Amino acid sequence: MEKLYLIATIAAQRVAIRASVVESVVDLGPVAPVPLAPAHVAGLAALRSKVLTVICCERALGLPAREPTGRRAVVINLDGHHYGLGVTSIEDARVIDEPAKPVRTRLEAGWSRVAIGMLELDGEALLLIDPERIVLGFEEPIAA
Amino acid sequence: MDDLLAEFLAETRETLDALSGEVIAWEAEPSDRGRLDAIFRFVHTVKGSCGFLDLPRFEQLSHAAENVLSDLRSGTRVADAGLVSAVLAIIDRIGELTEALEANEPLPDSDDTLLIAALSAEAAAPVTGAGPSALTTSHQPRAPTRSMGVPPELLDRVMSGVSDMVLARNELARRLREIGVEADVGGAFERLSSCVAEMRDSITRTRMQRIEKLFSALPRMVRDTAAELGKAVDLDIAGSDVELDREMIELIRDPLTHMVRNSIDHGIERPELRRARAKPLAGRLTVGARQSGNQIVIEIADDGNGIDEAKLVRKAIAAGVITAELAAALPPAARAALVFSPGLSTADQVTAISGRGVGMDVVKSNIERIGGSIELDNRPGLGLRATIRVPLTLTIIASLTVSAAGQSYAIPRAAIEEIVHASSAALRIDQLGDALVVTLRGRTLPLLHLEHVLATGRVPTVSGRTIVVVRAGAGLSYALCVQAVHDHEELVIKPASPAIMGVGLYGGMSLPDSGVPMLMLDAAGLAARAGIEAEESAAIAVAPAEEATAVETVSTLLFTDLSGARRGIRLGVVERLEDVAAEQIAFTAGRLRVAIDGRLLPLVGTVDRVEPGSLVKLLRLSDGVAEVAYPIGEVIDIVPLAPAVNVAGEAGPIAGVALVDGVQVELLDSFWLFSEAQTSAAPADARPLCAIADAEDRWSREILRPLLEAAGYRVAFGADPKQPADVIVADRDETVGAAAPVVRLRRELGTGPDGSVYRYDRAGLLAAIDARLKTRSA
């Protein structure tokens, strides 16, 4: 389980999320918006009897937002609250034996905040991201 | 009473079970403070509860144990094995009595006095040798009562399972409607459907409970406690229908009981004292619960003595809780909070009710253990308000579903005063600047479009919409205009994630049968976002008898100036409108004056465009004493204006600008007008009398006198016993009777060492007279 990762794509970037923190993967139903909530909070969606706070990963990274309804989402549980992280696509759950290495290159502000390491899969580098940091959202630069 | 007893017994048994480990550990390590505290809390709670349940044996036992434990806590006694076993024997005896009562058996006929005697300092020594088990009586388990402890997680799983079932039922119902089924299939589905609904209700009730369960025990307890103390107390309970987690109810029972008893014991004064303080003889105790945001707020307020903060601080210093330096630097609000320090009390006497200086620290730690908080609002001599807040884990709230910009929201039913359609004849809506107010039966309220507050859209008109009058707190009501009102529903509300609660507008979220999550609005949060403040004793509401005015307005006279500019002035200062001949106005002695009715009035404003021989319209303005004339062109109208205007940049005749029918109108500054024209405006006898000592001096008569009169003084010569002077002006060397302050004048320039004033120093002379007058009146 420790070495199992969920491989997903967010805004054309392949990322890995530790499978141990992921509760499930769902297709989001209708998303009720939350007026005046932080920009990365796309709204609320029902998952059976649970209510998910839907997070737009792109907004959390400071990128343009996407329509949340009908998206695939990675469900995580943080302090008793369920969040659905809307991603572009989900490939698979894979075992990667190599431990994560530190990110050696300079990333954009949004990515550098959520990335906690780098993994290699099928000869391609993946960003290992911490979903908790995505939930915390992207702080707008003061000047904007 | 049976309910109370059963609850007490169940609680005591549970605590005993939980405590058994502590007791054994304490036995091994008598100096362990944490364990000592836990045991102390237990006996204290038992003592508190059994007093009003009329269980004298429990009370004697727990009171004795509490005394000893209190000594141990304060360090006046040291725990040794004998003492520990004596205390344990008491706890065991309490356990035995509890079991007997629960099983409805006669109480064991054992003698408690031996156990109690073993606690005393003298008895402690001989018991030591006997070992821990010497005094413990035989302990045979009895048949357990029928009650089950179910882990809350399991209940949660059952609940969410049932919710899933409801959603599946709804989905199935939709499909069945689409395909159209035969009547018998439909009937079977209906039966299933109602079973599911019933099941959901009952399973929800296993978790939820009305706070009434706690409150219903209060009247009896208050009555008995008050009677015991010889006090009279009126109890007021509000919000009994607030529902909260069963778990939470159990956890706040003790803190609530303690606070109520404390209020009666320490807060509310004896009737004699209340009479002396001109308070109603019966003390007033209010206990209320309400849901606010993601918290349940429980308030316990009394109109008693409050906490004597000075005394509390002294005790805290004496007990070593705080140093004198720290205490001196303590803000007032933090002083009352010292009452939560362990081992501290303001009560001089230990009573059976409370007053051991415990309780409050126990209360605080109990509340904090469940993630809550307690705050005190202490008004010495007037009363104490304790506010307990506990987190809202899950609650069922009777709600109203409304929609705005196509989205549904829930509003707690408790916050809603009434619902009116916007087209109702009972209401009137006025626009004030870019704000709206609605007047409903003489009550004026700010009107908010929900879409505007939530920034989800612009609403051009109220027509076709519905107005919900929301009361967000004391004096904080407003009208919320929504697209539509849908349903009254009992909604299961859960707290939303921190990012959503942090917005400050939502109290939680719910998943209604539609399967689309819905947010519950926080009435106070909406008011705060819209900038609505609580009204200060009817600042905005008008008397119902009055012609319904939107807000307090000022009747304003609109006119054109002689220059043609539109101006306005408060109608209240306008005495009358008068036509005078242009010749009656003249620029004399440094200012414009008009001669009317044989008097000269100062005239403010300009008369450049007045042609000789014509008539000039004058406004005669009065501040109650002085009069001023103001020339105008034509009167336009009298209109009500809001008192707040766009204030002029600098002081001058114009106070500011208001918008009347889309035209800018300058408003005259009455204050400036009168201050500008202030010379000799006061009527004669109100002016101070200035006596000139030398009546024969020509300079005094012909030069000084007119100066003084122009400056607004009455002038007399010499000393007149019938008219005592307010100030006397005399030559430097003159002798005068010192019946009034004297201003000395000298004839030569330069600084006078004797405080005299050069007689041609106009400003200095007038200032000196003014200063003397001030010292006289002071």
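Everything quoted here is computed from the prediction, not taken from an experiment. Each residue is numbered by its place in its chain's sequence as written, counting from 1. For this description, chains carry letters from A and ligands carry numbers from 1, given in the order in which they are written. pLDDT decides what is reported in this predicted model: residues at 70 or higher carry local features, side-chain atom pairs at 80 or more are listed and counted, and totals for whole chains, interfaces and linings draw on all residues regardless. To obtain the side-chain values, all non-hydrogen atoms of the structure were used and water was disregarded.

## Some remarks on the overall build of chain A
- Helical segments are the DSSP runs of H or I of at least four residues, strand segments are the runs of E of at least two, and each set is numbered from the N terminus. Counting secondary structure elements, chain A contains 3 helices and 10 strands.
- Starting at the N terminus and walking to the C terminus, you meet the elements of chain A as β-β-β-β-β-α-β-β-β-α-β-β-α.
- Put simply, chain A has 144 residues, and 49% of those count as buried.
- Any pair of residues with heavy atoms lying within 4.5 Å of one another is described as a contacting pair. Here the analysis covers contacts within chain A between residues at least 6 apart in sequence; of these, 56% occur between residues at least 24 apart.
- The accessible surface values rely on the Shrake-Rupley method and a 1.4 Å probe; as for residues, cover is taken only from the protein chains in view. Counting only carbon and sulfur atoms, one obtains 51% of the accessible surface of chain A, whose full area is about 7000 Å². Burial classes: relative accessible area under 20% of the type maximum marks a residue as buried, over 50% as exposed, and values in between as partly exposed (1.4 Å probe, protein chains only).

## Some thoughts on the sheet that holds strand β7 (residues 383-391) of chain B
Residue and element names in this part refer to chain B.
- Read across the open sheet, the 5 strands follow the order β2-β4-β5-β7-β6; overall the sheet is mixed. Across the chains shown, the open sheet's two edge strands, defined by having one partner strand only, are β2 (233-238) and β6 (373-379). In this sheet, neighbouring strand axes are inclined to one another by 10° on average, regardless of whether the strands run parallel or antiparallel.
- Alignment of β6 against β7, held across 7 bridges, turns out to be antiparallel. If you follow N378 over to β7, its bridge partner there is L384. Strands are labelled as partners when DSSP assigns at least two bridges between them. Working convention: axes come from line fits to C-alpha atoms, limited for helices to the stretch in contact. Angles between N-to-C directions cover 0 to 180 degrees.

## Notes on the pairing of strand β13 (residues 443-449) of chain B
All names here are of chain B.
- Across the 7 residues of β13, 6 count as buried, placing the element largely inside the fold.
- As defined by bridge partners, strand β12 (residues 435-440) adjoins β13 across 5 bridges and the pair is classed as antiparallel. Across the sheet, V438 pairs through a bridge with L445, a residue of β13.
- What sits between β12 and β13 in their antiparallel hairpin is a turn of 2 residues, with R441 showing a positive phi close to 50°.
- Inspection of the sheet shows β13 paired to strand β15 (residues 476-482) by 3 bridges, in the parallel sense. Along β15, the bridge assignment pairs L447 with A479.

## Quick look at the packing of helix α11 (residues 246-267) of chain B against helix α16 (residues 360-369) of chain B
Residues and elements named next belong to chain B.
- Running from amino to carboxyl end, α11 crosses α16 at an angle of 150°, the nearest separation of the two axes being 9 Å. The angle between α11 and α16 places the two elements in the roughly antiparallel class. The hand of the α11/α16 crossing is left-handed. Listed contacts from α16 to D254, P255, H258, M259 and N262 of α11 are M360, V363, N366 and I367.
- Grouping the constituent residues of the contact of α11 with α16 by class yields 5 nonpolar, 3 polar and 1 charged. Roughly parallel means an angle under 35 degrees; roughly antiparallel, over 145; roughly perpendicular, 65 to 115; everything else is oblique. The hand of a helix crossing depends on one turn: near helix anticlockwise from the far one by less than a right angle means left-handed, and clockwise means right-handed. All amino acids are sorted into three groups, where Ala, Val, Leu, Ile, Met, Phe, Trp, Tyr, Cys and Pro are nonpolar, Asp, Glu, Lys and Arg are charged, and the leftover types, Gly among them, are polar.

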